[in-house]
Amino acid sequence: MNTRHRERPSPKTLAVWGGEEGVDKLGATQMPVVNSVSFDYPDLDTWLDVATGKSAGHIYGRNTNPTVEVFEEKVNLLEGGENSVSFSTGMAAITGILFSLLEPGKRVVSIKDSYGGTNVLFTDYLPKYGVQVHLCDTDNHKAIESQVGQGCDILYLETPTNPTVKIVDIKRLSAIAHEVGAVVVVDNTFATPINQKPLQLGADIVLHSATKFLGGHADALGGVVSGSKHLLNEIFRFKEITGASLHPESAYLLIRGMKTLGLRIAQQNASAMQIAQYLQGHDKIDEVFYPGLTNHRNHDVAVSQMQGFGGMLSFKLKGGYGAVKKFLPQLRYVNLAANLGSVETVAGPPATTSHVECSPEEREAMGIPEGLIRYSVGIEDVSDLISDLGNALQEL
Ligand SMILES: *Cc1c(COP(=O)(O)O)cnc(C)c1O
């Protein structure tokens, strides 16, 4: 056997070992949960060296913590960033990025289909602080390019999007944004670093709701940001001052969940593809949205920037919301819930999940039909999921 280490281990290996090598685990094979608020020092000089960043160590739990640091480093290695900072939730991470890098008079260009909470930051909060936000039709690349050209400090992208699984071209839009000196931020929650590496495609910052696929078990909230050192320093400072810090217990659950990230995502990619193909041929279904389907509007972009098409798909039932109400409770292997990216399959309509705050008319205007179902594929045997879907469709 060749025992030389590879220069760059595979993401699957990094998900297992990343961030844990060389860390003092007191001899434990697993990173312990360090539930200490503060850390003490034998003398003032040693303490001062840590406080001023001259030597490694921890001072106070709002700033850093050993368990939390392992989680941050694991994600950082997977995303290929220079540094990484975690938060208590995905929304805290997004808030941290936007509020640390923006100031009155700055301009954000983004897309209409970003995550619901992100969209509210854009429409209700940033304008209150004198930041201008322009939201473009999600996969209209020409419109995004034109808006970026009119002045842009942050280009904020999400791909694939929620709930119609649209794809935007990270490489193409990052190049345009850098021409005007904008910082490119990508929400990589749906893809995960197993399927997509935004920093390699030109983005400056990548973020996750770790609550979803990274953790993968719907038992811990968390957010994480990775990217260049100088931007991450600003974001870290905002986090330590405003205090939306990841709890060590949550960090432990996220680390444990990430060990199987490679296996879970490989299964979810394969199952979602099979389910999308099955649904596409069904006579009770109007339309299926999945970037792996060759008839997806931006399938070519998905092929060029993704290593797998992910575990999220959506489909439109004939018969609108009435059919959705009848169909969903018939499913056996599914949680009707607001989360996604879990080992269990999760489903729900946009009316109760991603777009709960909009009226039916607003959803229709946004191109989100009332007959739509968002389906997050779990790790169950795909033939059970397909027969479950088939049985429920037969009832319609
Ligand atoms: C869930 C989600 C968020 C918000 O994350 P929380 O952990 O719930 O705060 C942000 N972006 C995307 C794409 C999400 O799915």
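Enquirer: Help me out: how do you make sense of the environment of Gly-319 in this one?
Expert: Structurally, the position occupied by Gly-319 is in the loop between strand E9 (312–317) and helix H13 (320–327). Assessed through its relative accessible area of 61%, Gly-319 is described here as exposed. Note: C-alpha distance between Gly-319 and Leu-396 (77 residues apart in sequence) is 8.8 Å.

Enquirer: I'm lost on helix H11 (residues 261–280) in this one. Help?
Expert: Because an α-helix packs 3.6 residues into every turn, residues spaced three or four apart end up facing the same way. Compared with the 28 Å implied by 1.5 Å per residue over 20 residues, the 28 Å span of H11 between its first and last C-alpha is a close match. For H11, every residue scored as buried is listed here: Leu-261, Gly-262, Arg-264, Ile-265, Gln-268, Asn-269, Ser-271, Ala-272, Ile-275, Ala-276 and Leu-279.

Enquirer: I keep staring at a negative patch on the surface and nothing clicks. Help me out?
Expert: A cluster of acidic residues, Glu-357, Glu-361, Glu-362 and Glu-364, forms a negative patch at the surface. Structurally, the position occupied by Glu-362 is in helix H14 (residues 360–365).

Enquirer: What should I look at first to understand the state of the cysteines in this one?
Expert: Two cysteines, two sulfur atoms, one covalent bond between them: this is a disulfide. Per the stated rule, a full pass over the model turns up zero disulfides. With no disulfide partner, Cys-136 has as its closest neighbouring cysteine sulfur the one in Cys-152, 9.2 Å distant. The buried category is assigned to Cys-136, whose relative accessible area is 3%. Taking relative accessible area as the criterion, Cys-152 reaches 5% and is therefore assigned buried.

Enquirer: Which parts of the structure should I look at to understand the packing of aromatic side chains?
Expert: Each aromatic ring pair is summarised here by two numbers: the centre-to-centre distance and the angle between the ring planes. Within this structure, the stated rule accounts for six aromatic pairs. On the numbers, 5.4 Å between centres and 80° between planes, the contact of Phe-122 with Tyr-156 is edge-to-face. In this pair, Phe-122 is assigned in helix H5 (residues 116–125) and Tyr-156 in strand E4 (residues 154–158), connecting sequence segments 34 residues apart. For the pair Phe-122 and Tyr-156, one class covers both residues: buried. Counting every residue linked through ring pairs, the aromatic cluster contains Phe-315, Phe-327 and Tyr-375. Against the face of Phe-87 rests Lys-239, its NZ or CZ located 6.0 Å from the ring centre.

Enquirer: Even after reading the chapter, I still don't get the pairing of strand E1 (residues 83–87), so can you show me in this structure?
Expert: Side chains on a regular strand alternate between the two faces of the sheet. Burial of E1 is extensive: four of the five residues sit out of reach of the surface. In this sheet, strand E7 (residues 223–227) lies alongside E1 in antiparallel orientation, the contact comprising five bridges. Looking at the pairing, Ser-84 lines up with Ser-226 of E7.

Enquirer: Explain the site of the ligand here, please?
Expert: Around the ligand sit 13 residues, and of these Met-91, Asp-187, Ser-209, Thr-211 and Lys-212 come closest. At a separation of 2.9 Å, an oxygen atom of the ligand approaches a polar backbone atom of Gly-90. One of the side-chain N or O atoms of Ser-209 is found 2.9 Å from an oxygen atom in the ligand. Within the complex, 93% of the 390 Å² of free accessible area of the ligand lies under protein. The dominant element in the shell around the ligand, judged by the number of residues it contributes, is helix H4 (residues 90–101), at three residues. Tallied by class, residues from the shell around the ligand come to four nonpolar, six polar and three charged.

Enquirer: Explanation requested: the domain arrangement of the chain in the structure shown.
Expert: Size of an interface: often given as the accessible area lost when the parts come together. One can read the domain layout of the chain as domain 1 (11–258) and domain 2 (261–394). Here domain 1 and domain 2 have C-alpha centroids that lie 26 Å from each other. Together domain 1 and domain 2 conceal approximately 3000 Å² of surface at their shared face, both sides included; 60% is due to carbon and sulfur atoms. On the domain 1 side of the contact with domain 2, Pro-163, Asn-195 and Phe-213 bury the most area, a combined 23% of that side's loss. Inspection of the domain 1/domain 2 interface yields one salt bridge. Linking domain 1 with domain 2 are 15 residue pairs in polar contact (both at pLDDT 80 or more), by the criterion used here. Elements with a contribution of two residues or more to the side of domain 1 that touches domain 2: helix H1 (11–17), helix H7 (170–179), helix H8 (192–195) and helix H10 (248–258). Looking at the side of domain 1 that touches domain 2 residue by residue, the classes come out as 16 nonpolar, 12 polar and seven charged.

Enquirer: Just checking my understanding: could you explain the environment of Ser-342 for this structure?
Expert: Relative to the helices and strands, Ser-342 resides in the loop between strand E10 (335–336) and strand E11 (346–348). Separated by 34 residues in sequence, Ser-342 and Ser-376 place their C-alpha atoms 7.7 Å apart. The contacts of Ser-342, once residues within four sequence positions are left out, are Gly-216, His-217, Ala-218, Gln-268, Ser-376, Val-377 and Gly-378. A polar contact is formed between the side chain of Ser-342 and the side chain of Glu-344, at a distance of 2.6 Å.

What counts and what doesn't
- Residues numbered from 1 in each chain as written.
- Predicted model: local features only at pLDDT ≥ 70, side-chain atom pairs only at ≥ 80, totals over all residues.
- Heavy atoms only, no water.
- Helix = DSSP H or I, 4+ residues; strand = E, 2+ residues; numbered from the N terminus.
- Buried < 20%, exposed > 50% of the residue type's maximum accessible area, 1.4 Å probe, protein only.
- Expected span 1.5 Å × (residues − 1).
- Patch = residues over 30% accessible without salt bridge, like charges linked within 9 Å, V, L, I, M, F, W, Y side chains within 5 Å.
- Areas by Shrake-Rupley, 256 points an atom, 1.4 Å probe, with all protein chains shown as cover.
- Salt bridge = Lys/Arg side-chain N within 4 Å of Asp/Glu carboxyl O.
- Lys, Arg positive; Asp, Glu negative; His and termini not counted.
- Charge placed at Lys NZ, Arg CZ, Asp CG, Glu CD.
- Disulfide = S-S within 2.5 Å.
- Phe/Tyr/Trp six-rings, centres within 6.5 Å; stacked < 30°, edge-to-face > 60°.
- Lys NZ or Arg CZ within 6 Å of the ring centre and 35° of its normal.
- Pairing = 2+ DSSP bridges.
- Near = heavy atom within 4 Å.
- Polar contact = N/O pair within 3.5 Å; in protein donor to acceptor, adjacent residues only side chain to side chain.
- Nonpolar A, V, L, I, M, F, W, Y, C, P; charged D, E, K, R; others polar.
- Domains from an automatic or database assignment.
- Buried area = accessible area lost by both parts, 1.4 Å probe.
- Contact = heavy atoms within 4.5 Å.

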